[in-house]
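As a plain string of letters, each chain reads:
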Amino acid sequence: LFYKKLVSDLRSVGFEINPYDPCMANKKSYGKQMTVVWHVDDLKVSHVDPKRVTRFCDWIQSKYGSCSVNRGKVHEYLGIDLDFRTPGVVRMS
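Residues numbered from 1 in each chain as written. Predicted model: local features only at pLDDT ≥ 70, side-chain atom pairs only at ≥ 80, totals over all residues. Heavy atoms only, no water.

**Describing the confidence of the model for the protein chain**
Next, step 1: The predicted model of the protein chain has a mean per-residue pLDDT of 93, with 100% of residues at 70 or higher.
Next, step 2: For the protein chain, the element scoring lowest by mean pLDDT is strand β5 (residues 74-77), at 88; strand β1 (residues 16-17) scores highest, at 98. (pLDDT = per-residue confidence, 0-100. Helix = DSSP H or I, 4+ residues; strand = E, 2+ residues; numbered from the N terminus.)

**Here's the deal with helix α2 (residues 50-64)**
Next, step 1: In a regular helix each residue adds 1.5 Å, so 15 residues correspond to 21 Å; α2 covers 21 Å between its end C-alpha atoms and thus fits that length.
Next, step 2: Those residues of α2 hidden inside the fold are in contact with α1 (2-12), β2 (24-29), β3 (32-39) and β4 (42-46).
Next, step 3: Looking at where α2 begins, the residue whose side-chain oxygen comes 2.9 Å from the main-chain nitrogen of lysine 51 is aspartate 49.
Next, step 4: A positive phi of about 95 degrees marks glycine 65, the residue just after α2. (Expected span 1.5 Å × (residues − 1). Contact = heavy atoms within 4.5 Å. Polar contact = N/O pair within 3.5 Å; in protein donor to acceptor, adjacent residues only side chain to side chain.)

**Describing the packing of α1 against α2**
Next, step 1: Running from N to C, α1 and α2 point in directions that differ by 130 degrees, and their axes come no closer than 12 Å. As judged from the angle between their axes, α1 and α2 are oblique. Regarding α1 and α2, the two cross each other, and that crossing is right-handed. Between α1 and α2, the contacting residues are Phe2, Lys5, Leu6, Asp9 and Leu10 on the first element and Phe56, Trp59, Lys63 and Tyr64 on the second. (Axes fitted to C-alpha atoms, helices over the stretch in contact; angles between N-to-C directions. Parallel < 35°, antiparallel > 145°, perpendicular 65-115°, else oblique. Left-handed = near helix turned anticlockwise from the far one by under 90°.)

**Some points on a negative patch on the surface**
Next, step 1: Taken together, the side chains of Asp41, Asp42, Glu76 and Asp81 make up a negatively charged region of the molecular surface.
Next, step 2: Among the secondary structure elements, aspartate 42 is positioned in strand β4. (Patch = residues over 30% accessible without salt bridge, like charges linked within 9 Å, V, L, I, M, F, W, Y side chains within 5 Å. Areas by Shrake-Rupley, 256 points an atom, 1.4 Å probe, with all protein chains shown as cover. Salt bridge = Lys/Arg side-chain N within 4 Å of Asp/Glu carboxyl O. Lys, Arg positive; Asp, Glu negative; His and termini not counted. Charge placed at Lys NZ, Arg CZ, Asp CG, Glu CD.)

**Points about the pattern of salt bridges**
A side chain of one charge can pair with a side chain of the opposite charge when the charged atoms of the two come close.
Next, step 1: In total, this model carries three salt bridges according to the counting rule given.
Next, step 2: A salt bridge links arginine 85 to aspartate 83; its shortest N-O distance comes to 2.5 Å.
Next, step 3: Aspartate 83 sits in the buried class, given a relative accessible area of 15%. (Buried < 20%, exposed > 50% of the residue type's maximum accessible area, 1.4 Å probe, protein only.)

The following block contains the structure:
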């Protein structure tokens, strides 16, 4: 049920679900790509402009009630550390 609602909500604001990965959606936001990936109810959102991520989080909060934002070059997602400090490289541990 959550998956169907999330996909419907994402599509309603212009996201397209990736045909090869049903838990990934993309859209152009202010001329740049915004990507949302998720596993169950854990979402990871990326966009070059942090304001777009903030607006997305505000929208998610209006639909689902909560959202936490982690900014910077190192993130923990689904128990995996994602390190983006080296340009063009993602280190996972």
